[in-house]
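Structural description and commentary
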Amino acid sequence: MSRQARIEPVIEASDLKETITGWLVIDETVPENEVVVSEHTSKKEAIQAAEALEQRED
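Residues numbered from 1 in each chain as written. Predicted model: local features only at pLDDT ≥ 70, side-chain atom pairs only at ≥ 80, totals over all residues. Heavy atoms only, no water.

Examining helix H1 (residues 43-55)
End to end, H1 covers 18 Å across 13 residues, agreeing with the expected 18 Å (1.5 Å per residue, within 8%). Looking only at H1, the buried set comprises Ala46, Ala50 and Leu53. Angular distribution of buried residues about the axis of H1 spans 60°; they occupy a single face of the element. Across from the buried face of H1, at angles greater than 90 degrees, the exposed residues are Lys44 and Gln55. Residues of H1 that are buried make contact with strand E1 (5-14), strand E2 (17-27) and strand E3 (35-40). (Helix = DSSP H or I, 4+ residues; strand = E, 2+ residues; numbered from the N terminus. Expected span 1.5 Å × (residues − 1). Buried < 20%, exposed > 50% of the residue type's maximum accessible area, 1.4 Å probe, protein only. Arc of directions from axis to C-beta. Contact = heavy atoms within 4.5 Å.)

Any link to function would need more than the numbers given here.
If you want it as structure tokens, here you go:
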């Protein structure tokens, strides 16, 4: 089965300001059981990790 991953920002909100503080890689291969597999400081790192997860064969 091929894996499916997505990235989402980690957002810190204070007053009327929102700041992205990191990025999560989420394994959504089984939609009813999504799992956060890693957290990254840059969007580029998160995209690379998500692509690596999708390429991995278990």
